[in-house]
Amino acid sequence: MKTAHSRRDFLHASLAGISSLTLSASSYARIPGANQKLGIAIIGVGGQGGFSLGNLAAIENIVALCDVDSDRVKKERSTHSQAFFSQDFREIVTRRDVDAVAVCTPDHTHAPIAIAAMKEGKHVYCEKPLCHSIHEVQALMNEARKRKLVTQMGTQIHAGDNYRRVVEIVQSGKLGTIQEVHTWVGGSYAAEDFPADKPAIPPGLNYDLWLGPAEEQAYHPSFVPFYWRKYWKFGTGCFGDMACHHMDLPFWALGLSMPLQVTAEGSPVHRTGCPTWVIARYQFARPCGGSPIPLTWYDGGKRPPQFDKEGMPKWGAGNLFVGTEGMLLADYGKYLLLPQDKFANLKLEQTIPATKGHHREWCEAIKGNGQPLCQFDYSGPLSMAVLLGTVSYRTGKTLEWDQSASWVKNSQPEVDKLLRKTYRQGWSL
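Remember, it's a predicted structure, so these values are computed and weren't measured experimentally.

Procedures and definitions
- Residues numbered from 1 in each chain as written.
- Predicted model: local features only at pLDDT ≥ 70, side-chain atom pairs only at ≥ 80, totals over all residues.
- Heavy atoms only, no water.
- Axes fitted to C-alpha atoms, helices over the stretch in contact; angles between N-to-C directions.
- Helix = DSSP H or I, 4+ residues; strand = E, 2+ residues; numbered from the N terminus.
- Parallel < 35°, antiparallel > 145°, perpendicular 65-115°, else oblique.
- Left-handed = near helix turned anticlockwise from the far one by under 90°.
- Contact = heavy atoms within 4.5 Å.
- Nonpolar A, V, L, I, M, F, W, Y, C, P; charged D, E, K, R; others polar.
- Pairing = 2+ DSSP bridges.
- pLDDT = per-residue confidence, 0-100.
- Salt bridge = Lys/Arg side-chain N within 4 Å of Asp/Glu carboxyl O.
- Buried < 20%, exposed > 50% of the residue type's maximum accessible area, 1.4 Å probe, protein only.

**So, the packing of helix H5 (residues 107-119) against helix H6 (residues 134-147)**
- With their axes 10 Å apart at the nearest point, H5 and H6 run at an angle of 15 degrees to one another. In terms of their interaxial angle, H5 and H6 are classed as roughly parallel. H5 and H6 meet at a crossing whose hand is left-handed. Residue-level inspection shows His 108, Ala 111, Ala 114, Ile 115, Met 118 and Lys 119 of H5 in contact with H6, the latter providing Glu 136, Ala 139, Leu 140, Glu 143, Ala 144 and Arg 147.
- Its residues placed into classes, the contact of H5 with H6 shows 7 nonpolar, 1 polar and 4 charged.

See the structure below:
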């Protein structure tokens with residue numbers, strides 16, 4: 001087994017390589033000084049966008065707001081009355097007072113909006129999952145590299161102190177060799193057919209822009225503004241929504257990238273609606289060599305087999321690292337080493353520094369101060385691994401990843417159409 005120091009050296013080398021990619025924007029973008037406030041645009045102001053708006057408004061200048069539903073965001077528009085407002089993101093990304101954008105729209109519109117912003121030289125913060133398809137994620141990663149832009153995916157828990165301590169424990173070697181990882185959440189976003197009735201589109205909602213690149217679908221309040229996550233056309237269910245948060249921890253701690261393979265099962269596959277539950281079994285390569293690391297994802301009430309043992313804490317969501325010398329349970333805010341008596345006096349040096357915040361980390365990097373830990377070269381493979389699991393579930397196939405080709409091995413048409421979306425007329429990357 002490689003030492004903890006070699007593992008840390010691997011991560012430090014990776015971040016050093018990233019730094020050469022993210023120090024400047026295209027010639028169109030304004031280059032801010034280290035102490036100068038950025039001009040930030042929020043695209044998708046309601047819901048999660050409100051969270052990003054609050055965090056970014058506290059540290060930078062909000063110069064533009066964009067939301068397809070002008071009525072839903074009246075409060076935010078009033079609070080930031082000095083900011084330019086438009087329902088159309090294309091009027092936002094071309095503005096010269098905008099240095100960077102936060103893309104907080106539904107998943108199916110992330111890619112075209114983020115790409116449009118990057119083509120204008122804007123740095124991009126994008127909510128998770130990064131995109132709606134693997135091809136879209138690859139396009140974002142390539143555009144960011146090409147234009148040397150600073151990026152960050154909205155996995156805010158990555159900035160928390162608890163995740164840092166868990167990563168340090170795993171990398172210390174105190175658990176021995178990690179033999180397997182289990183990741184789970186209790187929730188579920190399940191649906192079947194789209195509703196048959198066709199109510200009127202509410203005043204203030206530009207539904208055509210909300211629909212974006214997706215094929216035509218009549219408006220219905222059952223999926224606008226939030227429960228679009230239940231439908232494949234717009235989201236990827238609980239798996240796609242939550243796995244980027246929870247699988248982020250083993251990705252970081254173990255230095256994972258794209259899986260060698262994944263096979264998934266779940267409730268009966270439906271053409272339009274997402275499942276009640278999924279179990280996805282991954283195999284990941286170890287960065288330092290050796291046998292693959294199995295990682296299993298569970299949602300919709302499914303749990304790791306270790307939970308059947310007497311005395312095992314049955315946490316509602318989190319990760320279980322199983323090593324040759326012990327186990328570690330971790331969720332967003334706490335962790336537990338097992339057996340507890342064995343690790344009662346464990347003390348470790350804190351090697352991962354605290355962050356000033358997930359949004360601030362991104363903004364500071366734009367100004368040349370440090371690097372964001374969830375930039376697209378890290379969060380892209382994490383997002384693609386999650387998306388590959390959803391494709392395995394929907395097709396019923398074990399999928400193997402060809403690292404050299406950056407695509408699924410021996411991909412068949414039914415698989416490929418889920419890896420690469422067809423946009424409706426008028427939309428493209």
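**Re the sheet that holds strand E2 (residues 61-66)**
- Strand order in the open sheet made by the 6 strands is E3-E2-E1-E4-E5-E6, with parallel pairing throughout. Of all strands in the sheet, those with a lone pairing partner are strand E3 (84-86) and strand E6 (151-153), marking the two edges. The mean inter-strand angle of the sheet, taken between neighbouring strand axes irrespective of direction, is 15 degrees.
- Of the strand pairs in this sheet, strand E4 (residues 100-103) and strand E5 (residues 123-126) are connected by 4 bridges, and their pairing is parallel. Across the sheet, the residue bridging to Val 101 is Val 124, located in E5.
- Sitting on the sheet, helix H12 (residues 376-395) is in contact with E5 and E6, with an inclination near 35 degrees to E6.

**Digging into the confidence of the model for the protein chain**
- In the predicted model, the protein chain carries a mean pLDDT of 92, and 92% of its residues have values of at least 70.
- Ignoring residues within four places in sequence, the model shows residues 1-28, a span with pLDDT below 50, making 50 contacts including any to other chains.

**A word on the pattern of salt bridges**
- One pass over the structure, following the stated rule, counts 19 salt bridges.
- A salt bridge links Arg 229 to Asp 107, with the shortest nitrogen-to-oxygen separation between them at 3.9 Å. Of this pair, Arg 229 sits in the loop between helix H8 (207-211) and helix H9 (237-246) while Asp 107 sits in helix H5, and the two are 122 residues apart along the sequence. Pair check on accessibility: Arg 229 and Asp 107 agree, each one buried.
- Between Arg 165 and Glu 168 there is a salt bridge, and its shortest N-O distance comes to 2.8 Å. Here Glu 168 and Arg 165 lie together in helix H7 (residues 161-172), a separation of 3 residues that amounts to about one turn.
- Overall, the relative accessible area of 10% leaves Arg 165 in the buried class.

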